[in-house]
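Examining the three-dimensional arrangement
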Amino acid sequence: MMGLSHAAEKYPASGVRAMFDRAREYPDVVNLCLGEPGMPTPDDIIKVGVDGLLARKTKYTPNLGIPVLREALAEKMARENNIICDPDQEIMVTTGATEALMLSMLTLLQPGDEVIIPDPSWPNYVGHAMMSNAKPVMARLSESNGFKMTADIIEPLITDKTKLILLNSPANPTGAILLQEDLLEIAKMVQKHGVYVISDEPYEKLIYDKQAHISLASFPGMKNHVITINSFSKTYAMTGWRVGYACANPALMANMVKLHENITSCVNEAFQLACVYALKNGEAAVQNMKKDYEENRNLLVGALNQMYGIQCQTPPATFYAFPNIKALGLSSKDTANLILDKCHVVTAPGSAFGQAGEGYIRISFASDKESIKEAIRRMNQLFGHA
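Let me begin by describing the structure that accompanies this report. All of these numbers come straight from a predicted model, not from anything done at the bench.

Moving on, we come to the pattern of salt bridges. Counted by the stated rule, this structure contains 23 salt bridges. We note a salt bridge from Glu283 to Lys205, for which the minimum N-O separation is 3.2 Å. In this pair, Glu283 is assigned in helix H11 (residues 283–304) and Lys205 in the loop between strand S6 (196–200) and strand S7 (226–231), connecting sequence segments 78 residues apart. Close ionic contact of Arg297 with Asp209 constitutes a salt bridge, the shortest N to O distance being 3.0 Å. In this pair, Arg297 is assigned in helix H11 and Asp209 in the loop between S6 and S7, connecting sequence segments 88 residues apart. Owing to a relative accessible area of 2%, Arg297 belongs among the buried residues under this scheme. Members of the salt-bridge network, linked through shared partners, are Lys76, Arg79, Glu80, Glu204, Lys205 and Glu283.

A few words now on the state of the cysteines. Note: disulfide means a covalent bond formed between the sulfur atoms of two cysteine side chains. If you walk through the whole model with that rule in mind, you get 1 disulfide. Two residues, Cys85 and Cys247, share a disulfide whose sulfurs are 2.3 Å apart. Across the S-S bond linking Cys85 and Cys247, the dihedral sits near -90 degrees, which makes this disulfide left-handed. Separated by 162 residues along the polypeptide, Cys85 in the loop between helix H4 (67–81) and strand S2 (91–94) and Cys247 in strand S8 (residues 244–247) bring together distant segments of the chain.

Closest axis-to-axis distance for the H4/helix H10 (residues 269–281) pair is 9 Å, and the angle between their directions is 30 degrees. If you check the angle between H4 and H10, you find them roughly parallel. For the crossing formed where H4 meets H10, the hand is left-handed. Contacts between H4 and H10 involve Val68, Leu69, Ala72, Leu73, Glu75 and Lys76 on the former and, on the latter, Gln272, Leu273, Cys275, Val276, Leu279 and Lys280. Considering only residue class, the contact of H4 with H10 consists of 8 nonpolar, 1 polar and 3 charged.

On to unusual backbone geometry. Following Asp119, the chain continues to Pro120 via a peptide bond in cis, the omega torsion being 10 degrees. Locating Pro120 in the fold gives a position in the loop between strand S3 (114–119) and helix H6 (124–131). In this model, Ser169 is joined to Pro170 through a cis peptide bond whose omega is -5 degrees. You can see Pro170 is positioned in the loop between strand S5 (162–168) and helix H8 (180–193). Phi is positive for Thr318, close to 65 degrees, though the residue is something other than glycine. Mapping Thr318 onto the fold places it in the loop between H11 and strand S9 (320–321). We classify Thr318 as buried; its relative accessible area is 0%.

This brings us to the layout of surface pockets. The gaps left among the atoms become clear once a water-sized probe is rolled over them. Computed from the structure, the largest pocket encloses a volume of approximately 690 Å³. Lining the largest pocket are 30 residues, with Gly35, Thr98, Trp122, Asn124 and Lys234 positioned closest to its centre. Secondary-structure elements contributing two or more residues to the lining of the largest pocket are helix H2 (15–22), helix H5 (96–108) and H6. Among the elements that take part in the lining of the largest pocket, H5 stands out by supplying 3 residues, more than any other. Looking at the lining of the largest pocket residue by residue, the classes come out as 14 nonpolar, 10 polar and 6 charged.

Here we take up the nonpolar core. With 54 residues, the main nonpolar core has Leu69, Ile154, Ile165, Leu167, Ile186, Leu216 and Phe232 as its most contacted residues. Listing elements by their share of this core, those giving two or more residues are H4, S2, strand S4 (135–140), helix H7 (151–154), S5, H8, S8 and H10. When residues no more than four places from it in sequence are discounted, the contact partners of Leu216 are Leu167, Leu183, Ile186, Ala187, Val197, Glu201, Met222 and Val226. With 31 residues, the next largest nonpolar core counts Val30, Ile325, Ile339 and Ile376 among its residues.

Positionally, Leu108 belongs in helix H5. Leu108 sits in the buried class, given a relative accessible area of 6%. It is 42 Å that separates the C-alpha atoms of Leu108 and Ala327, two residues lying 219 residues apart in sequence.

Turning to the packing of aromatic side chains, a few remarks are in order. Tallied over the entire structure, the rule returns 11 aromatic pairs. Consider the rings of Phe319 and Tyr320, whose centres lie 5.0 Å apart with planes at 70 degrees: the pair is edge-to-face. Exposure class is identical for Phe319 and Tyr320. Each is buried. Taken together, Tyr203, Tyr293, Phe319 and Tyr320 form an aromatic cluster joined through their ring pairs. The ring centre of Phe20 lies 5.4 Å from the NZ or CZ of Arg17, which sits over that ring.

Each value, and the rule that gives it
- Residues numbered from 1 in each chain as written.
- Predicted model: local features only at pLDDT ≥ 70, side-chain atom pairs only at ≥ 80, totals over all residues.
- Heavy atoms only, no water.
- Salt bridge = Lys/Arg side-chain N within 4 Å of Asp/Glu carboxyl O.
- Helix = DSSP H or I, 4+ residues; strand = E, 2+ residues; numbered from the N terminus.
- Buried < 20%, exposed > 50% of the residue type's maximum accessible area, 1.4 Å probe, protein only.
- Disulfide = S-S within 2.5 Å.
- Axes fitted to C-alpha atoms, helices over the stretch in contact; angles between N-to-C directions.
- Parallel < 35°, antiparallel > 145°, perpendicular 65-115°, else oblique.
- Left-handed = near helix turned anticlockwise from the far one by under 90°.
- Contact = heavy atoms within 4.5 Å.
- Nonpolar A, V, L, I, M, F, W, Y, C, P; charged D, E, K, R; others polar.
- 1 Å grid on protein atoms, 1.4 Å probe; cavity = no way out; pocket = protein on both sides within 12 Å on 5 of 7 lines; lining within 4 Å.
- Points joined across faces, edges and corners; volume = space filled by probe spheres on them.
- Core = buried A, V, L, I, M, F, W, Y, C linked by side-chain atoms within 4.5 Å.
- Phe/Tyr/Trp six-rings, centres within 6.5 Å; stacked < 30°, edge-to-face > 60°.
- Lys NZ or Arg CZ within 6 Å of the ring centre and 35° of its normal.

This is the structure:
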């Protein structure tokens, strides 16, 4: 057989999915591994999607997305993100945020361009850069500053080949958020060097302790430098619906939509209508989910910090804890496998998110409270109290 593409052969296998697949060995697992809400999509949002299908909303839609959703997104971006977007030229509905990320990289990157990516971070960022024939440059983050991707970490990595910086705030897997002062310094740096930024913001509403989300594109002079990407997946528990969106300047968007036409073409209308409804009527459900996540976070982090060999900062956002397990003397993969084999609890090794994730594991607290309590009970039997 002829050889495969470099991207296919070198694309990193998912360490998270590997744990998920291994969990099938045990019928009684508590799964705290995958990055999705444990509760279903709210019933009223589901009903709008079903009604759309029954009304035969099953044809192709405009590449950019149906006008009513783009208009609702423009209103949301202005109201919540302080970003003014033209719904006819600067917003596109995509097949999940994943497609929006891939389209952004394919639009911006030439072979050999460098992309600065947080380490640890969602591993698909590296995969997307590789598929674009660009070079991932990893910005090693540290627990000492809460795993924040700040300008002083990024700027030393910028070269004449740097085309793009990837920001994810709030961040997977660490729960880190960038504050006003952090983003202001990044904005100055970006304008100084004339690079682009993808700002991936799917956890924007899952922020606790009276902190607030701020979008980089809202800073003066930044709109032309930033592609803002978001999704309905985490906010409204709609992971399987696969609806995301991107906001970018007209020149970038005009080229992104050409590639979109050749990859997925469009998102189905019934689900887009459900997203319109979610934007206009879903806030109460979001706040209820957020309240549950915060209670789960406090329960889980408090318990982890009582276990032998484990220390865990309280994440200010997302629905992930990222405990430090270095005192156990095991790799993150061995620790995750030990917890699975001995406790039948599924977690993700920190090494699945980059070299800087070694020494940590990721635990999702987006499940129901009883599952969190059961996982704690089982892990206590293994690790005991510090």
